[in-house]
Amino acid sequence: MQDQFGRRIEYLRLSVTDRCDLRCRYCMPETGVAELAHGDVLRYEEMLQIAAAACRLGVSKIRVTGGEPLVRRGIVDFISQLASLPQQPEITLTTNGMQLAAHAQALRNAGLARVNVSLDTLRPERFATLTRRSGLERVLEGILAAEQAGLLPIKINMIPLADFNADEIADFARLTLAHPWDVRFIEFMPISTDLDYACSDGLPMAEVEARLRALGELTPLAQQKTSGPALMYQLPGAKGRIGLIPSVSGHFCGDCNRLRVMADGRVRGCLFDNHETDLKTVLRGGGSARELEELLLLAACAKPEKHRVNGDGFTTPNRRMHGIGG
């Protein structure tokens, strides 16, 4: 499966729900959002059909996302079904960590390879301010449980915000001294304009890197398949690694190899592109496996060459991150 620019599509992001147990200020309003009706959300067996079709077309990695994927019932069994596909794709999951401690070992036993945990602060009062919920200790317990279960390397994704958590960059980086974790700093992306943070609140990656270099020499590491778009470094004597992801200031679109399937059965080729291909109609209308494959091929061909964040004519996506699949 290739797009019109010759990029091979090998990575599927599969959102299993638009629901979440946090209310992060840069993701959704305090009152929450209108959730998809039960019948609008794909059933697990439908998602498995999509995953199987994608694997037949060359996808080798599937990341399960949300919303928060661990709030959906039956998620462990679904992970097991994905891991049992004939092509044996690598199965990973992105979570906010709130439910991770309770599920980590079962997820590993089911065939999950790794987890990414979204965490923007190590301070309980800031966690409550940002997420409008308490629970930092639960997240940290979840990360430790994932490490114990062997879901390695754990990736911790932190979004530095200039006037909120930028003073914690060093604290996050120091986590790699004691733990075999990948701590990744990701530039804030302008997904929605009606929430509490704007693109101008994000810290440019050059500033993040400068603050990290104050801790000691950053040794560049060779790019690995599991690194994704991150530029990887290591502090002296560290067990883990540091990743820098310049989502806005640095284009890595030329290497983009992913499609995003949302919980309502629509697929888009780019986080910032509103073009979507409907898979649910074929799934529920008795369409063949080949028809489903053809729709995925069409979605791949519709991928734009690059995102246009901060460029002329850029508009934010018509869905928030929890609906697209964070």
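Residues numbered from 1 in each chain as written. Predicted model: local features only at pLDDT ≥ 70, side-chain atom pairs only at ≥ 80, totals over all residues. Heavy atoms only, no water.

1. Comments concerning unusual backbone geometry
- The peptide bond linking glycine 66 to glycine 67 adopts the cis configuration, its omega dihedral lying at 5 degrees.
- By secondary structure assignment, the location of glycine 67 is in the loop between β2 (61–65) and α2 (75–83).
- Along the chain, leucine 152 connects to proline 153 via a cis peptide bond; the corresponding omega equals -5 degrees.
- Turning to its location among the elements, proline 153 is positioned in the loop between α5 (136–149) and β5 (155–158). (Helix = DSSP H or I, 4+ residues; strand = E, 2+ residues; numbered from the N terminus.)

2. Some remarks on the layout of surface pockets
- There is about 330 Å³ of room inside the second largest pocket.
- What lines the second largest pocket is a set of 14 residues, among which Thr17, Arg19, His38, Val41 and Arg72 lie closest to the centre. (1 Å grid on protein atoms, 1.4 Å probe; cavity = no way out; pocket = protein on both sides within 12 Å on 5 of 7 lines; lining within 4 Å. Points joined across faces, edges and corners; volume = space filled by probe spheres on them.)

3. Notes on the pairing of strand β4 (residues 114–118)
- Across the five residues that make up β4, a large majority, four, are buried.
- Read from strand β3 (residues 90–95) through helix α3 (residues 100–110) to β4, the crossover connection turns out right-handed. (Buried < 20%, exposed > 50% of the residue type's maximum accessible area, 1.4 Å probe, protein only. Right-handed = clockwise from strand over helix to strand, strands pointing away.)

4. Notes on the environment of arginine 266
- As for its position among the elements, arginine 266 is in strand β11 (residues 266–268).
- Of the polar contacts made by the side chain of arginine 266, one reaches the side chain of glutamate 276; its length is 2.9 Å. (Polar contact = N/O pair within 3.5 Å; in protein donor to acceptor, adjacent residues only side chain to side chain.)

5. Some thoughts on the environment of alanine 166
- Summarising the element assignment, alanine 166 is placed in the loop between β5 and α6 (169–178).
- Relative accessible area serves as the criterion here: at 4%, alanine 166 is assigned to the buried category.
- Beyond its immediate stretch of four places on either side in the chain, alanine 166 contacts Leu161, Leu203 and Arg211. (Contact = heavy atoms within 4.5 Å.)

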